[in-house]
Amino acid sequence: MEIITSMLAGILFATGVYNLLQKQMLRIIIGTALLSHGAHLFILTMGKLKRGKPPILVEGVENYVDPLPQALILTSIVISFGVTSFLLVLAYRASLLNETDNMEELRGSDHE
Amino acid sequence: MSNLAVLPILIPLLAGIFSAFINKKTKMVRIFSILVSIINLIVVSYIGYTIFQNGSIILETGGWKAPYGIVLVADMLSILLVITTNIIAVACIFFARKSLSQQQESFYFYTFFFFLITGVSGAFLTGDLFNLFVFFEVLLMSSYALIVLGGGKIQLRESIKYVLINLFSSILFVTVVSFLYSVVGTVNMAQIAERVQEVEQKGILTTIAILLFFVFATKAAVFPLYYWLPKSYIVPNPVVSALFGALLTKVGIYSILRVFTTIFVYEIDITHQFFLWLAALTMITGVIGALSTNNIKLIISYNIIPAVGFMLMGIGLYTEASISGSIYYLLHDMVVKGTLFLIVGAIVALTGTSDLRKMGGLIHHYPVIGWLFFVASLTLAGIPPFSGFIGKLLLLQEGLAQDQIAIVIIGLITSLLILFSMIRIFIQAFWGEKDDTITPNRVKSRAYAWPIAFLVAFSVFLGVGAEYVYPMVEDISAYLLDPSQYIDSVLKE
Amino acid sequence: MLIAVFLPLIFACLIPFLSKWKQKVHTGWFVLPIPFSIFLFLILKVGKQFSPISQSYAWIPSLNINFDLYLDGLGLLFGLLISGIGTLVVLYSIYYLHKTEQLSHFYVYLLMFMAAMLGVVFSDNVYALYSFWELTSFSSFLLIGFWNHRKGSRYGALKSMLITVFGGLSLLAGLILLTIVTDTTSIQAMIDQKDVILNSNYFGWILGFLFLGAFTKSAQFPFHIWLPDAMEAPTPVSAYLHSATMVKAGIFLVARFLPIVSLSEWFFFIVSGIGIITLCWGSFIAVRQTDLKGILAYSTISQLGMIMAMLGFGTDAAIFAAVFHILNHATFKGSLFMVAGIVDHETGTRDIRKLGGLMTLMPITATLALFGTFSMAGVPLPFLNGFYSKEKFFKTSLELEEASGIVQALATAMPVLAVLGSIFTFVYSMYLVFGTFRGEYKEDELPQKPHEAPFGMLISPMILVIGIIVIGLFPHLVNGSFLAHAAEAISGHESHAHIKFWHGFVPPLYMSLAVVALGTLLVITRKRWNSIYNVVPGTLTFNRVYDWLVDRTELFSSKITKTYMTGSLKLYVQLILIAIILGTISMLLITNGLNLEATDLARIRLPELLVVGMMVLASIATIFTNNRIAAILILGVVGYGLSILFVLYRAPDLALTQLIIETVTVALFLLVFMHLPKLEKRNESKGSIVMNATIAISFGAMMTIVGISSYTSKWFESISGYFLETSKSLGGGSNVVNVILVDMRGLDTLFEICVLGIAALGIYGMIKLRRKKEAK
């Protein structure tokens, strides 16, 4: 199963990157969201899947899944949420001010 | 005692939170920020003193012993960089009140400023790879907020590119941390180092190392990953540019330095040789960029890149002298980049243009700024007796000693071209016919000149007074090349 | 001695504070005592009993960079020139520069230069030498740019700086190699180890780097092009830096390292070869110059070539001749520059075509010029020092050792070339003096009405001319007292040279006479040859090379940079990704990192597969939707799918968080993008689609492969076991993830909240700012 989830994460990365390479801001931001999903799935996979109970200690249970990746993912989810929201507002403001949401039209020159 | 290590993070953090509450009272927040910056500088200098006297300070946060909890490792390298960071911070905070509009100040500049310092100091101090990611995010998030401050059209446009590329590299960062966790079962850097050593960095580890390098290299602006940097660094307020130029890429370089001297040092022929190639390319392409434009801000911004090349060269050579060279160069570059961004910021503010072709004769109006710029240019180009020379000398010396004559020649040519790109500004902007129609704004220019002069003085000290600094750097280098010292001090084995 | 070096530097720092008195007294008067006292200090050392002095002062001992000063004959000769000519130049400048000029700048630069130059000639430490060396380049840069409102000044300053710093950096490389090979930074200690250097693999590189440094500084062919443009500097500067002292630093360098560099079999060929080419080329081009200082500049180039050539001969007699000529050249060229400055000052022009017939108006100046030029031309008269050294040049050129091949060819040609160069020297010397002072007086063309210069201005050239005569009449005054010491310091042998006027009818005399005869002929018939002097495109070719290089560097940089720094995010991301993919995959292959035989795997179950399948479809669908709301919702599907996976994989906290955050994010997306343009159909080219797809797929595949390999390579026990064990006992909670978050890794959580806070403030700022702007 870990191989399958790794492949899924890989596909998320691939689609994320493909979207990142588009022109329109919405697609680009969707791309970043897909990328972070892929990253989180990778973290989870790296801690081995389903090797025990959820890491909530109960008397008599010996096997639990690895809790550390879960903690890391939680931190990472919150951070990427913060960044994504910031990015969304930034994209909104930038496209409003520049009157386009096409990144290819937002190149600029040396002097302006 | 060991609690000292948290102060460089805690003070700016609390200051940042507090300043958010008093942000409407501009005068008060200014004085508060200046005071805190100076106090913080004194505190970190004191911590530095203790560390150089008694050795590294290891703080196991929450009392959880290493490698399980997060440790803060204030060793000589970290604290030296933290001190330099705070010196630049003090200069910037004095400059800020002159160069920012009141509106920008009231939109939490000081809060973001302190959070940025928090993130940078944290990144230097942490001994935990995932925690490093978190501090990266703190400093990046503050930098995102700072770069959009003021919110002009061009500014937002370049900010988006900046945010996106950094976001991408952050995502890659966590992923790679998880890969590494899978292999070595830990995120504590000392333990990672220990375990990597145990298996002699076999199998997939070198690949993971190189991925990690790419993550840091994107932030450090190494060829071919620096495209996002030049233009995004020139759009915000000069004081923000100065902070970015002085601190952000240097965190990336620091991370490479730390990781590739402490952890991944068992495939040097492959990884570090690869760095040498990249270093050469970074120097050349960076300086070519600096010569490609007439926008003075952009010239300075491009000049960040060849400096990164020099530092990477030292890491690639991986000898005691070359690492000393890189560290010295790192210290020097932090100061001089901050200085130069402040100077061009002042020039642009005083003349109203950043186009070199529209300037001339400024030295007659602003002699002090002109000469500060001249000295800073020579420093940047590594002309003795200024600070750039010491680092460069060590790097070139070691390059030749290691038979890497090609990269030394590239380094020399790069130095000449850096000088050319800077003197071009001096000749075109400062020299020339005096324009009598301009009435120089002396009050303003004097206010700009003080913080710049402070940084230039420090930079001159780094060069002329190298005897006071270099032995420390030499110690650090020897310490870095013996990872067991770091490992033992953290894991106490 | 350290004081001698730093006195000018310290005083330079004080000058800006003198501004109070500046109104009344010329700043030069304050400066004058400094070079003079150094001169006195040095002249007291002169004498037969002189022996080298060395002193050492620490600077950066941990890097072996110290002020190790070493005063030997060579250093003394140069020190005397620097301080002596320095005194005269400062005196001269007091009358030359008006009080309204930015005098304090001028004297700061001049003193900086003086200190630097003294540092160069007294340093025994190679890095101190290099530091002073660069300081001379920069003070020269500032002095050339003294009148920076002129375009020519700026051009000349940049040119001289680029070329000399280029040489300086090359010198640095050479010096570093020397320290690596010999493991010392002291020049004297290096000379002691010359065999080690000769046998090292770097010997060729060392030679190349050192020569490049020396030739650029001393304006040797083809690096001579900066010197004529340096004439934009005020004339006292030209007399001082660009004729008497700085340009001789290259010669000093070759002389200093002569015991080492002369070990090479190519030493003669390179140094004398370049020297003699410079001599001939410089004197030939000098003839066609029309600017007085232009003539003198090319003349300086050719004379430097001559000295270089003599050093290249390497014999004791030749070295002595070189040393002698260094002194002589300083006297006659210094006086001639000052004369040119006087003419310029009094008539307002330096164009020789406009000048003429000034003899009667400026008799003293004319007399001084006469002595200077005749000495330079090497006219055989007993009271002209230039003749003595030139005759020694001829003599030594005839005494070259036997060699083979191309070296022999050069040795054979040397006397002929020497005569040829000297003929042109004779021609331009005569042209210079007669063109200016004899002939027709063209009153209408002169901007000013000329008259004799004030006495103060004449003192300095007069002293120099007296020097010419005294050395000419009594050469032994300078021979034993310091020339012999200088020659000895270079060659390492005791010098037995004698300077005599009359040697009998020997070949060198015939050569001198031939030069005078042919030269006179050429001068008389000059009009016929004019076209020939101008036919050759001349130095312009090398100037063009320089201009072309500078222009191209900028143009090329801008072209190259524009190809990738387009501002296109897409291109940036593509390039970055390609780099990462190539770098990582090659690393994977080189280090044999591939490890895909995962054995310890969880079982595959249908519900999980279904979720995975759904997520795959949804993620691919994001690419193909052209409806923004659909795209956002599909993204939501991926997110919710992930939270289901979290549930299935026993991560309840994660699932919950993911669920909430996904919902909020989708809402945010919808909120923001309601206000933005609709998604357009992509009208991309096929190539671009293929490119993007290739990058995306290879990146995804790479991450999968590295991920699986990492998963397979679980070589160590995870630290998580400790968390499970201690969560309850030490952390006081049974939800281990929570305990990790708030306790064991509490710092992460603290700063994660911090990030959220910054994001919130940032967003607030962006929105609020807009409101304010709209309100306006």
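Residues numbered from 1 in each chain as written. Chains lettered and ligands numbered in written order. Predicted model: local features only at pLDDT ≥ 70, side-chain atom pairs only at ≥ 80, totals over all residues.

1. With respect to the overall build of chain A
Helix and strand counts for chain A come out as three helices and zero strands. Start at the N end of chain A and walk to the C end: the helices and strands fall as α-α-α. Relative to the 2.2 N^0.38 estimate, which gives 13 Å for 112 residues, the radius of gyration of chain A is 19 Å and therefore markedly larger than a compact globule would have. With respect to the principal axes defined by its C-alpha atoms, chain A has extents near 70 × 25 × 20 Å. Counting over 112 residues, chain A shows a buried share of 73%. Contacts spanning at least 24 positions in sequence make up 50% of the contacts within chain A whose residues lie at least 6 apart. (Helix = DSSP H or I, 4+ residues; strand = E, 2+ residues; numbered from the N terminus. Rg over C-alpha atoms; globule rule 2.2 N^0.38 Å. Buried ≥ 20, exposed ≤ 12 C-beta atoms within 10 Å, placed from the backbone. Contact = placed C-beta atoms within 7 Å.)

2. What about the overall build of chain C?
Within chain C, the regular secondary structure consists of 34 helices and two strands. Taking 776 residues into account, the globule formula puts the C-alpha radius of gyration at 28 Å, and chain C, at 38 Å, lies well above it. Across the 776 residues that make up chain C, the buried fraction comes to 54%. Nonlocal contacts in chain C, meaning residues at least 24 apart in sequence, comprise 77% of its contacts between residues at least 6 apart.

3. Here we look at the pairing of strand β1 (residues 53-60) of chain C
Residues and elements named next belong to chain C. Bridge count for β1 against strand β2 (residues 65-71) is seven bridges, and the pairing is antiparallel. Paired with Ser 56 across the strands is Asp 68, a residue of β2. Joining the antiparallel neighbours β1 and β2 is a turn of four residues, in which Asn 64 adopts a positive phi near 60°. (Pairing = 2+ DSSP bridges.)

4. Description of the interface of chain A and chain C
The interface is formed by 69 residues belonging to chain A together with 84 residues belonging to chain C. Mapped onto the side of chain A that touches chain C, the elements with two or more residues apiece are α1 (2-20), α2 (25-46) and α3 (67-98) of chain A. Counting residues per element, the side of chain A that touches chain C draws most heavily on α3(A), at 22 residues. Residues of the side of chain A that touches chain C, tallied by class, amount to 45 nonpolar, 15 polar and nine charged. (Nonpolar A, V, L, I, M, F, W, Y, C, P; charged D, E, K, R; others polar.)

5. A closer look at the domain arrangement of chain C
Residue and element names in this part refer to chain C. In terms of domain boundaries, chain C breaks down into domain 1 (271-524), domain 2 (570-727) and domain 3 (728-776). Between the C-alpha centres of domain 2 and domain 3 the distance comes to 24 Å. In this assembly, five residues from domain 2 lie in contact with twelve residues from domain 3. Here the side of domain 2 that touches domain 3 gets four residues from one element, more than from any other, and that element is helix α32 (residues 720-729). Its residues assigned to classes, the side of domain 2 that touches domain 3 shows two nonpolar, two polar and one charged. (Domains from an automatic or database assignment.)

6. Section: the interface of chain B and chain A
Contact residues are listed per partner, giving 30 residues for chain B and 29 residues for chain A. Secondary-structure elements contributing two or more residues to the side of chain B that touches chain A are α5 (129-147) and α6 (153-184) of chain B. Sorting elements by how many residues they give to the side of chain B that touches chain A places α6(B) first, with 18 residues.

7. Some thoughts on helix α1 (residues 7-21) of chain B
Residue and element names in this part refer to chain B. The first and last C-alpha atoms of α1 sit 21 Å apart over 15 residues, in line with the 21 Å expected at 1.5 Å per residue. Of the residues making up α1, those classed as buried are Pro 8, Ile 9, Ile 11, Pro 12, Leu 13, Ala 15, Gly 16 and Ser 19. Elements that come into contact with the buried residues of α1 comprise α2 (26-54), α3 (76-99) and α4 (102-125). (Expected span 1.5 Å × (residues − 1).)

8. Details of the nonpolar core
Leu90(A), Ile343(B), Leu77(C), Leu111(C), Val254(C) and Leu311(C) are the most contacted members of the largest nonpolar core, which totals 542 residues. Among all residues touching Ile343(B), those that are not within four sequence positions of it are Ile369(B), Leu372(B), Phe373(B), Ala376(B) and Ile452(B). (Core = buried A, V, L, I, M, F, W, Y, C linked by C-beta atoms within 7 Å.)

9. Some details on the UniProt feature "transmembrane region" (unreviewed entry) in chain A
Residues and elements named next belong to chain A. Per the UniProt entry, the sites bearing "transmembrane region" (unreviewed entry) are residues 6-21, 28-47 and 67-92 in this numbering. Span residues 6-21 is 94% helix and 0% strand, its end C-alpha atoms 22 Å apart. In residues 28-47, helix accounts for 95% and strand for 0%; the two terminal C-alpha atoms are 30 Å from one another. (UniProt positions renumbered as here; feature names shortened; annotations may be inferred.)

10. Considerations on the pairing of β2(C)
Of all seven residues in β2(C), seven are buried; the element is thus mostly enclosed. In β2(C), alternate side chains face the same way, and those of Ile65(C), Phe67(C), Leu69(C) and Leu71(C) on one face and Asn66(C), Asp68(C) and Tyr70(C) on the other are all buried.

11. Observations concerning the confidence of the model for chain C
Per-residue confidence for chain C averages 87 on the pLDDT scale, and 96% of its residues sit at or above 70. Interface confidence in the predicted complex, given as ipTM, is 0.95; pTM for the same model is 0.93. (pLDDT = per-residue confidence, 0-100.)

12. Thoughts on the packing of helix α14 (residues 249-256) of chain C against helix α17 (residues 292-313) of chain C
All names here are of chain C. For the pair α14 and α17, interaxial distance at closest approach is 10 Å and the crossing angle is 0°. With respect to α17, the element α14 is oriented roughly parallel. For the pair α14 and α17, contact is made by Ile 251, Val 254 and Ala 255 and by Leu 304, Ile 307, Met 308 and Leu 311, respectively. Its residues placed into classes, the contact of α14 with α17 shows seven nonpolar, no polar and no charged. (Axes fitted to C-alpha atoms, helices over the stretch in contact; angles between N-to-C directions. Parallel < 35°, antiparallel > 145°, perpendicular 65-115°, else oblique.)

13. A word on the UniProt feature "domain: NADH:quinone oxidoreductase/Mrp antiporter transmembrane" (unreviewed entry) in chain C
Taking the numbering used here, the UniProt-annotated feature "domain: NADH:quinone oxidoreductase/Mrp antiporter transmembrane" (unreviewed entry) corresponds to residues 123-407 of chain C. A helix fraction of 74% and a strand fraction of 0% characterise residues 123-407 of chain C, whose end C-alpha atoms lie 34 Å from each other.

14. A word on helix α27 (residues 569-590) of chain C
Along its 22 residues, α27(C) runs 31 Å from first to last C-alpha, staying within 8% of the 32 Å computed at 1.5 Å per residue. Looking at the buried residues of α27(C), the elements they touch are α1 of chain A, α6 and α8 (205-220) of chain B together with α31 (686-712) of chain C. Remark: Asn592(C) follows α27(C) within two positions and exhibits a positive phi of approximately 60°.

15. Description of the environment of Ser232(B)
Residue and element names in this part refer to chain B. Among the structural elements, Ser 232 can be located in helix α9 (residues 229-232). Residue Ser 232 is classed as buried on the basis of its 24 C-beta neighbours within 10 Å. Aside from chain neighbours lying at most four places away, what touches Ser 232 is Ile 147, Glu 158, Ser 159, Lys 161 and Tyr 162.

16. Side note on the environment of Gly567(C)
Within the secondary structure, Gly567(C) sits in the loop between α26 (540-564) and α27. The class for Gly567(C) is partly exposed, based on 19 C-beta atoms found within 10 Å. The contact partners of Gly567(C), leaving out residues within four places of it in the chain, are Arg107(A), Gly108(A) and Lys231(B).

17. Looking at the environment of Pro8(C)
Residue and element names in this part refer to chain C. Looking at where Pro 8 falls in the secondary structure, it is placed in helix α1 (residues 2-14). Distance from Pro 8 to Phe 113, taken between C-alpha atoms, is 8.6 Å for residues 105 residues apart in sequence. Pro 8 has contacts with Ile 34, Leu 111, Met 114 and Ala 115, leaving out every residue within four places of it along the chain.

18. Remarks on unusual backbone geometry
That bond from Phe223(B) to Pro224(B) is cis: its omega, -5°, falls within 30 degrees of zero. Looking at where Pro224(B) falls in the secondary structure, it is placed in the loop between α8 and α9. In this chain, Phe221(C) is followed by Pro222(C) through a cis amide linkage whose omega measures -5°. Here Pro222(C) is to be found in the loop between α11 (203-217) and α12 (226-229). Of note in this structure, Glu99(A) is not a glycine but carries a positive phi near 60°. Relative to the helices and strands, Glu99(A) is located in the segment after α3. On the neighbour-count criterion, Glu99(A) (9 C-beta atoms within 10 Å) is exposed. Even without being glycine, Asp183(C) reaches a positive phi, approximately 65°. Mapping Asp183(C) onto the fold places it in the loop between α8 (151-182) and α9 (187-192).

19. A few points about the packing of α1(C) against helix α4 (residues 33-43) of chain C
Residue and element names in this part refer to chain C. At their nearest, the axes of α1 and α4 sit 10 Å apart, and the two run at 175° to each other. Judged by the inter-axis angle, α1 sits roughly antiparallel to α4. Across the interface between the two elements, Ala 4, Leu 7, Pro 8 and Phe 11 from α1 touch Ile 34, Ile 38 and Phe 41 from α4. When grouped by side-chain class, the residues that make up the contact of α1 with α4 number seven nonpolar, no polar and no charged.

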